[in-house]
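Listed here are the chains, written in short residue letters.
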Protein chains: 2
Amino acid sequence: MAIKKNLSASSEDYLEAIYNLICRHKVARSKDIAESLGVSRASVTGALKSLNSKGLVDYKPYGFIGLTEKGTQQAESVVRRHNIIESFFVNVLGVEQRAAKQAACKAEHALGPYVISRLLSFTEFSTSYSKKGADITAEFNKYCRSKGV
Amino acid sequence: MAIKKNLSASSEDYLEAIYNLICRHKVARSKDIAESLGVSRASVTGALKSLNSKGLVDYKPYGFIGLTEKGTQQAESVVRRHNIIESFFVNVLGVEQRAAKQAACKAEHALGPYVISRLLSFTEFSTSYSKKGADITAEFNKYCRSKGV
DNA sequence: TAATATAGTTAGGCTCTCCTAACTTTGCAA
DNA sequence: TTGCAAAGTTAGGAGAGCCTAACTATATTA
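Predicted model, so just to flag it, every value in this text is computed and none were measured.

Participant: Before we go on, may I ask you to explain the relation of the copies chain B and chain A in this structure?
Facilitator: Both copies of the chain are tied together by a single rotation about an axis and a shift running along it. Laying chain B over chain A is done by rotating through 180 degrees and shifting 0.0 Å along the axis; what remains is an RMSD of 0.1 Å. With respect to symmetry, the two chain copies, as superposed, fit the operation of a two-fold axis. Minimal C-alpha separation from the rotation axis in chain B is found for Ala-107 of chain B, amounting to 3.0 Å. An overlap of 100% is found between the interface residues of chain B and their copies at the interface of chain A, pointing to a shared contact surface.

Participant: Is there a simple way to explain the protein's contact with DNA strand D in this structure?
Facilitator: Taken together, 19 residues are adjacent to DNA strand D, and Lys-31, Arg-41 and Tyr-59 of chain A together with Ser-8 and Ser-43 of chain B come closest. Among atoms of DNA strand D positioned within 4 Å of the protein, sugar and phosphate together represent 69%. Ser-30 of chain A places a polar main-chain atom, nitrogen or oxygen, 3.4 Å from a phosphate oxygen of DNA strand D. Here a phosphate oxygen of DNA strand D sits 2.5 Å away from a polar atom, N or O, in the side chain of Tyr-59 of chain A. At the level of secondary structure, the elements contributing two or more residues to the surface near DNA strand D comprise helix H2 (30–37) and helix H3 (41–53) of chain A together with helix H1 (9–25) and helix H3 (41–53) of chain B. By residue number, the principal contributor to the surface near DNA strand D is H3 of chain A, which donates four residues. Class assignment for the residues of the surface near DNA strand D results in eight nonpolar, seven polar and four charged.

Participant: I keep staring at the side chain of Arg-81 of chain A and nothing clicks. Help me out?
Facilitator: Residue and element names in this part refer to chain A. Here Arg-81 lies in helix H4 (residues 69–92). Given the relative accessible area of 13%, Arg-81 is considered buried. Excluding residues that lie within four positions of it along the chain, Arg-81 makes contacts with Glu-12, Glu-108, His-109, Leu-111 and Ile-116.

Participant: Looking at this model, I keep getting lost on the layout of surface pockets. Mind explaining?
Facilitator: Space left empty within the atom packing is revealed by a probe, the size of a water molecule, rolled over the atoms. Roughly 1700 Å³ of volume is contained in the largest pocket. The wall of the largest pocket is formed by 49 residues, among which Ser-8, Glu-12, Arg-81, Glu-108 and His-109 of chain A lie closest to the centre. Listing elements by their share of the lining of the largest pocket, those giving two or more residues are helix H1 (9–25), H2, H4, helix H5 (97–107) and helix H6 (113–131) of chain A together with helix H5 (97–107) of chain B. The greatest single-element share of the lining of the largest pocket, amounting to 10 residues, is contributed by H4 of chain A. Taken together, the residues of the lining of the largest pocket break down into 19 nonpolar, 14 polar and 16 charged.

Parameters and conventions
- Residues numbered from 1 in each chain as written.
- Chains lettered and ligands numbered in written order.
- Predicted model: local features only at pLDDT ≥ 70, side-chain atom pairs only at ≥ 80, totals over all residues.
- Heavy atoms only, no water.
- Least-squares fit on C-alpha atoms with pLDDT ≥ 70 in both.
- Contact = heavy atoms within 4.5 Å.
- Near = heavy atom within 4 Å.
- Polar contact = N/O pair within 3.5 Å; in protein donor to acceptor, adjacent residues only side chain to side chain.
- Helix = DSSP H or I, 4+ residues; strand = E, 2+ residues; numbered from the N terminus.
- Nonpolar A, V, L, I, M, F, W, Y, C, P; charged D, E, K, R; others polar.
- Buried < 20%, exposed > 50% of the residue type's maximum accessible area, 1.4 Å probe, protein only.
- 1 Å grid on protein atoms, 1.4 Å probe; cavity = no way out; pocket = protein on both sides within 12 Å on 5 of 7 lines; lining within 4 Å.
- Points joined across faces, edges and corners; volume = space filled by probe spheres on them.

Shown next, in the form of C-alpha cells:
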C-alpha cells in the first residue's frame, strides 16, 4: 500500500486538467494541458514526469498520456471537491457561474473532507428545501436586495 | 500611488500573524511569528525583509516589528476574509470551531471580494433568519441527522 | 558588570514550479 | 516520400519559500 501523501495544489491542477480533457476529448494532449492551465509546454513535461514518478499518470516521452487507477482516484477527488464548491457558490450563494468556477478552482485545494461534506450537505439541504415550503435561495435574494448588496 | 500587486498566500499569512500578535500582545516578536506559523526564525527574518521591501512592515534588524499603514490595511483585509469564512463554517455549516479556523486559514487566500461578500451576506441572512421564524441552522441539523451525516 | 541564555541574523542549500530557447520527434500535405 | 509545421522535450535558469548551522546582538541575572 503506497503511502498517502498529500499532493500539491499544482499537482492537483494537472491531474484535474488531464481528467477533464480525457472526459471531454478522449485524450489529453500536452499542448491542451498547457493551454488549460496557462503554463508553458515545458512545464507540462516536467509535471508529467513528476506525476509519472508518483504513479499517477501513464506516460512515456512523445507517447499517450493517461491516468493510472490511483491518478484517476485522485483526480476524481479533486473534481468532486471542485463541483461541490462550485455548486454551493452558484446554487446557494447565487454567484455567477464564471466567477464560481474560478473561485472553486482555488478553493478546491484548501478544503478538507470534513468541511467539504458539510458544504455538500448544506447545498443539498438548501435546494431540497427550496422545493418544499421555504425557498432559501429566494429568501436570500430578497434579503440581499433589501440590504442593497 | 503604489501598484496594487496581489500578495502570495505566504505573505498574507505573515501579515495576519503579525497583526494578530500586535492585537493580542502589543508587540510582534520574531520568535512568536515563527511559532504561530510553524516556521523557523530564519524564515521569519527572510519574510520580514521581503515585506519591508514592499512597504508593508516597519522593520530594522534587531528592532521593533510594526505594520505600515499599507500593511495594516492588507492584514485587516486578510483577517476580515478569515473571519467571514470561519463564521460561515461555524454558524451556518455547524463545523467545529477548531476545524473551521484551520480551514479558514487556507481558504482565506482563495476567495476574492465578490464571493466573500456573498458569503458574508449569507451568514448574516442565515443567522438573522434563525432568530425569526425558520431556524435554518436547526433545520439543517435536522436534515443532517435524517441523512445520517 | 560579566557570564550566560535567549532572540535574531546570516550563509548556504534544498525543493518546487515556473520560464525561454533550442532541439527532436511526429504527422500531415504536396 | 520528402519536407515542413506543430507538438513535445531538454537544458539551463530564476525566484519563492523553506530549512539547518553557525554567528551576533540583546537581555537577564548572579
